[in-house]
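Residues per chain are reported as follows:
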Amino acid sequence: MSNSSTPDPLDQFVALSAILTGIAADKLHPQLDTHGTAAAYLAYATQQGGSAFTGLLALYAQNSTQPPDTIAKLILQQSGQATANIAQAVTLMWYLGAWYPPAGLAAYQADQSVPAPFVVISSDAYTQGWAWRVGQAHPMGYSDLRFGYWNGPPQALADLVGGS
Amino acid sequence: MRKLGSIIVLAAVVVALGAVFYFSTGTHGQKGNFAVSSSMQPLAAAPPVNPVVNDCNITLPPDAPAIVTPAIARSGLPCAVAFDGTHQVNLDTLQQAFDFNSWLSFVALSISSNGTAPGWEGWQDLSSLMLPDGATPPPFGTSVPPPAICTGGPAGAPVLQMFSKTTVTPTLSVAGQPLNTGPLIDQNGNYVRYQILVNKPMYDYIVTNGLYSKAGQQRFTGTVQFPEGAIVSGTQGTVGAIVAKAAWKVLGPGDNPATYETVTGYVYTPATAGVPASCATHQLGLVGLHIVHKTANEPQWNWATFEHVDNVPNITPAGGHFNFYKPGCAAAACPVNAPPPQPWNPSVQPFPNDFHSQIVRTTKYPAEAVRSAALWNPQFQAALQGSVLANYELITTQWPTDPTSKTDPNGAPFPLFAANSTMETYVQGNVPQASSSCMSCHGNATGASGKESDFSFVLEKAQ
């Protein structure tokens, strides 16, 4: 974490993301972040999410000393639909490597017969989607594991997503 | 700021003079896990194929403002990456340490100590290790006679027959190209030729364990673990298995031999169906070199790659001379990064219809790798003025950021992608699982029997 008196936006974003996703912050943003996913997502969300996203970051910053569950409820249930939708977009970004515009998420909640539109952020984002690891699996068409890995048990969930 | 106290450094080797602490890089970036490196094991643990040597280079990267002097540039072969633990530990500082190590290794292995051929050129060629019918290889350093058709060259002239870095025997079929990518043709229409050479510790490990034949690999019941480089104490340490993959071009019109590491060798093409064997003596210039070293703290190996500075442009240039790019040539006549049209017959040179490869560098490197190359390349090139080595540049070093990762057996490589324009010519780029990544590719390496072979495809060439 930054030693500066001004919070590092990346650290703030990662801490917020850990609460939204349930994945350990040091998994989302390792000290040696070879993929640079956190920085890329912060830039992407800032560009695509506009004031809703900066407002979400500000809301987190104002309440960052609260327990995670309290912050989650504040964001998802107590701060209005727009805040909840941008938080959902951030969550989906981490899990699926795709950006779901908050307006599309809002429309989907009103009419679930029409899928919410999305765009896959990058090929790297596709392989780094946390949905794969939470499922103790790997992306279709991509794996770092050795030939024959399917002959053994999946990797431990705690090793993949952090925590115990 | 992330200071040393909050990060992992596996081994601390105290250099008595000056009381400076040197840290070998370990599980880079993980927290709260101080452990003793295998480099601290007692000497008796070193396998006999790589005994302890007394002259490991433990020179640290110079502090800012960094100055690489001629003495530093020529200070010798590191046994392992040296890293100053007083610096912040991040991708910038670690990439700089690995790249510095790569340059020291390149110079140490490329400068002759006694006026003869540079070190790596004297190593054993793969074709003299993996012999027909699994025959026992000769002792390391033995000069293998050239094919009978090759005559007139100097004694000990290398035989260059590969026209892909991944094949030992040329073939005219697409199926024979493991990556289905194709050969590289220079501006004079000549095929680039390749060598794969291994150093003595690796060679002796293979021979000692009988891994030079398919039958021997079947008999081998252990796990292939090539010897590791490590610092033991002070400048004492072990040199690990090192592989050199070299790309050579025939020097001809438009080339200035004085700017290349050169060799006079036999350019040999064995007979294939309907095509007789050919062999000619040429002066060749080094255009690409991989140096891959297995170390105790990087069991996924360190992957350095160098190129001649005139190889290819990063972007479309207005002019100039390149080994594998013709400025001003229209795309229709010179398709960019396209393999040559078939058939491929290296006995026929120059390539028919005036074809030559039109190659540009397309792999995008992360900012840390770009900054590090920009830091070291000019300094080493300046320090090496007067040597042909000043005409080479480090493209990058790929290394494991988390060598002991429980979830990524490749150790979380950085940069994610790495390519030499002369060897991974047609698989450059940044597409997962499709573009060139040394460690991601070699992590799948197996021997001829299908068992994992410790990041080296050398064993699958056994007969």
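Every value quoted in this text rests on a predicted model; they were computed, and no experiment measured them.

Caption draft 1: Inspection of the side chain of Ser435(B) at higher detail. Residue and element names in this part refer to chain B. Mapped onto the elements, Ser435 comes out in the loop between β14 (413-414) and α6 (438-442). Take Ser435: its relative accessible area is 12%, and that puts it in the buried class. A polar contact is formed between the side chain of Ser435 and the backbone nitrogen of Asn430, at a distance of 3.2 Å. Sequence-distant contacts of Ser435, defined by excluding residues within four places in its chain, comprise Phe417, Val427, Gln428, Gly429 and Asn430.

Caption draft 2: The pattern of salt bridges, seen in detail. Residues and elements named next belong to chain B. Here the structure, examined in full by the defined rule, presents 10 salt bridges over all chains. Here Lys249 and Asp186 are joined by a salt bridge, their closest N and O atoms 3.2 Å apart. Here the residue Lys249 occupies a position in strand β9 (residues 242-250), and Asp186 occupies one in the loop between β5 (159-160) and β6 (193-198), the gap between them amounting to 63 residues. Looking at Asp186, the relative accessible area reads 0%, which means it is buried. A salt bridge links Glu460 to Lys461, with the nearest nitrogen and oxygen atoms 3.6 Å apart. When its relative accessible area of 35% is taken as the criterion, Glu460 is described as partly exposed. Taking the relative accessible area as the measure of exposure, Lys461 reaches 19% and is therefore buried.

Caption draft 3: Quick look at the packing of aromatic side chains. Applying the stated rule across the entire model yields 27 aromatic pairs over all chains. Measuring from centroid to centroid gives 5.9 Å for Phe13(A) and Trp94(A), while their planes differ by 25°, and the two rings are stacked. In this pair, Phe13(A) is assigned in helix α1 (residues 9-21) and Trp94(A) in helix α5 (residues 81-96), connecting sequence segments 81 residues apart. You'll find Phe13(A) and Trp94(A) in the same group, each marked buried. Measuring from ring centre to ring centre gives 5.8 Å for Phe100(B) and Phe380(B), while their planes differ by 55°; the resulting arrangement is tilted. With Phe100(B) in helix α2 (residues 91-110) and Phe380(B) in helix α5 (residues 367-383), this pair connects stretches of sequence that are 280 residues apart. With respect to class, Phe100(B) is no different from Phe380(B); both count as buried. Counting every residue linked through ring pairs, the aromatic cluster contains Phe100(B), Trp103(B), Phe106(B), Phe306(B), Trp376(B), Phe380(B) and Tyr392(B). One Lys or Arg, Arg133(A), reaches over the ring of Trp130(A) and ends 3.7 Å from the middle of that ring.

About the cut-offs
- Residues numbered from 1 in each chain as written.
- Chains lettered and ligands numbered in written order.
- Predicted model: local features only at pLDDT ≥ 70, side-chain atom pairs only at ≥ 80, totals over all residues.
- Heavy atoms only, no water.
- Helix = DSSP H or I, 4+ residues; strand = E, 2+ residues; numbered from the N terminus.
- Buried < 20%, exposed > 50% of the residue type's maximum accessible area, 1.4 Å probe, protein only.
- Polar contact = N/O pair within 3.5 Å; in protein donor to acceptor, adjacent residues only side chain to side chain.
- Contact = heavy atoms within 4.5 Å.
- Salt bridge = Lys/Arg side-chain N within 4 Å of Asp/Glu carboxyl O.
- Phe/Tyr/Trp six-rings, centres within 6.5 Å; stacked < 30°, edge-to-face > 60°.
- Lys NZ or Arg CZ within 6 Å of the ring centre and 35° of its normal.

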